Amino acid sequence: MRGRWIGCVLVAACLVAACLFGAVSSPLAGAASAPADLSRADLSQADLSQAHVKLVRIASGLKSPIALAWRAGDGSRVYVAEQTGHVRIATQGHVVGTALTVAVASGGERGLLGLAFSRDGTKMYVDYTEPDGDIRIEEYTMNGNVANVATRRRLRVIPHQTAANHNGGNLVVGADDLLYISVGDGGGGGDPAHNAQNLKVLLGKILRIDPRPGAGTAYTIPPSNPFVNTAGVRPEIYMWGLRNPWRFSLDRLNGDMWIGDVGQDDWEEIDYVPAGQSGINWGWNLREGFQPYKGGVKPPGARDPLLVRSHANGDCAIIGGYVYRGSTIPNFNGAYVFGDTCSGALRAVVQQGGKVTQSKNLMLNVPQLTTFGEGVAGAIYAASLDGTLYALAPT
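Residues numbered from 1 in each chain as written. Predicted model: local features only at pLDDT ≥ 70, side-chain atom pairs only at ≥ 80, totals over all residues. Heavy atoms only, no water.

*Asks:* What is the right way to read the sheet that holds strand β4 (residues 86–91) from this model?
*Replies:* Hydrogen bonds between backbone atoms are what pair the strands of a sheet, whose relative direction is either parallel or antiparallel. Pairing is antiparallel across the open sheet formed by 4 strands, whose spatial order is β2-β3-β4-β5. The two strands at the open ends of the sheet, each matched to only one other strand, are β2 (65–69) and β5 (94–101). Each strand of the sheet is rotated relative to its neighbour by a mean of 30°, with strand direction disregarded. Note that β2 and strand β3 (residues 78–82) share 4 bridges and pair antiparallel. Residue pairing for β3: Pro-65 is matched across the bridge by Glu-82. (Pairing = 2+ DSSP bridges. Helix = DSSP H or I, 4+ residues; strand = E, 2+ residues; numbered from the N terminus. Axes fitted to C-alpha atoms, helices over the stretch in contact; angles between N-to-C directions.)

Printed below as a string of structure tokens:
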């Protein structure tokens, strides 16, 4: 599975029971509180040598959970996107309903891949693979805790029929109320169509749009996008030169972006972007990590990753996570948590000035790790393809 995302692992997903159960007192039960008051939380620099973290199993029995999301005003529930096309609602360790079902091409790297809510909780956004292979991004208006299918609005269809892998699929709504979208390079080993370096296509990119409709358009282009006035360049593009940015996040404190870009033959990478910076070329398919790819030359101005992980260490598909901004784990605030689907190992790093200053193997393992999530109070969650959800907690 060298250089692929989670394809073979996803195919091996097992069918599991329909009900969730709480193995311990569930952190989901206490998530109804308002988002963490960051002005009062301990925001001092993390000290990973003194941080002690454990995994708490909060639920199991989901079918191939791929993305986690919470709604404003509905923090006691977690919405779970299953690869097979369902958005489940879970609380207190149990599935209590289904918020949405869409028809998808499921299996391998396809399926329902992304889920997010507008900041006011009134809109749901999903990213999924259509039966013909194209990537579809849709908006729904919420009716209580269920998406009203009559309000379905297509935001974008991105052609992706040549190969079945490298779909990207993550959705993030920023503090600016804009929708950030990750899109893979279109698949096939080594990006044979050179999509990631092609600014005329949306593949191999992070996109940013305003999901509100314009005059005759499904969405509008933020005027601060880097290529909004550049002829011959897609104005949705926020960053480019990415292979398969499966999971990325925005630091809820300062808006910094962290991208987990799945590698090809040798290297997995985490990219770090200070808030306000855009128009960055990450170098794929001319670079893999810090190294040239098949004789490629680093493009002028291209940025190197913050860190890389070698396949020689057992990693194969990096899963980007979140910067911890909760208040329950001492000495952990400001640590970025990420993992890998093959090794299952969770790690944390701290950066200053775009350089890693602390790094720690948390000695925690989530088998078949697919995604992370961030609760309304800043807690970090993780999901396994086997249907289990976990929370990070202090020991």
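From this point, things continue past the structure.
*Asks:* Quick question: what am I supposed to make of the state of the cysteines here?
*Replies:* Among covalent bonds in proteins, the disulfide is the one between the sulfur atoms of two cysteines. One pass over the structure, following the stated rule, counts 1 disulfide. The disulfide partner of Cys-316 is Cys-342, and the S-S distance across this bridge is 1.8 Å. The disulfide joining Cys-316 to Cys-342 has a torsion of about 70° about its S-S bond and is therefore right-handed. Of this pair, Cys-316 sits in the loop between β20 (307–310) and β21 (318–323) while Cys-342 sits in the loop between β22 (336–340) and β23 (345–352), and the two are 26 residues apart along the sequence. (Disulfide = S-S within 2.5 Å.)

*Asks:* When you look at the nonpolar core in this model, what are you seeing that I'm missing?
*Replies:* Note that soluble globular proteins tend to have their nonpolar side chains buried in a common cluster. Of all hydrophobic cores here, the largest spans 40 residues; its most connected members are Trp-258, Phe-332, Val-337, Leu-346, Phe-372 and Leu-392. Elements with a minimum of two residues in this core: β16 (267–273), β21, β22, β23, β24 (355–365), β25 (369–374), β26 (380–384) and β27 (389–394). Those residues in contact with Phe-332, other than ones at most four positions away along the chain, are Ala-46, Leu-48, Ala-51, Val-53, Tyr-324, Val-337, Ala-348, Leu-362 and Leu-392. Residues Ile-137, Ile-158, Val-173 and Tyr-219 belong to the second largest nonpolar core, which totals 21 residues. (Core = buried A, V, L, I, M, F, W, Y, C linked by side-chain atoms within 4.5 Å. Buried < 20%, exposed > 50% of the residue type's maximum accessible area, 1.4 Å probe, protein only. Contact = heavy atoms within 4.5 Å.)

*Asks:* Is there a simple way to explain unusual backbone geometry in this structure?
*Replies:* Leaving glycine out, the prevailing phi sign among residues is negative, and the prevailing peptide bond configuration is trans. In this model, Trp-284 is joined to Asn-285 through a cis peptide bond whose omega is 10°. By secondary structure assignment, the location of Asn-285 is in the loop between β17 (280–281) and β18 (287–288). In this structure, His-166 is a non-glycine residue whose phi angle is positive, near 60°. Within the secondary structure, His-166 is located in the loop between β9 (146–158) and β10 (171–173). Positioned with a positive phi, Asn-331 is a non-glycine residue whose angle comes to about 65°. Note on placement: Asn-331 falls in the loop between β21 and β22. By relative accessible area, which is 33% here, Asn-331 ends up partly exposed.

*Asks:* Help me out: how do you make sense of the sheet that holds strand β14 (residues 247–250) in this one?
*Replies:* In space, the 4 strands of this open sheet follow the order β14-β15-β16-β20, with antiparallel pairing throughout. Lying at the two open borders of the sheet, with one neighbouring strand each, are β14 and β20. On average, each strand axis in the sheet is tilted by 10° relative to the strand beside it, whichever way the strands run. Sheet topology places β16 next to β20; 4 bridges connect them, and they run antiparallel. Residue pairing for β20: Ile-270 is matched across the bridge by Leu-307.

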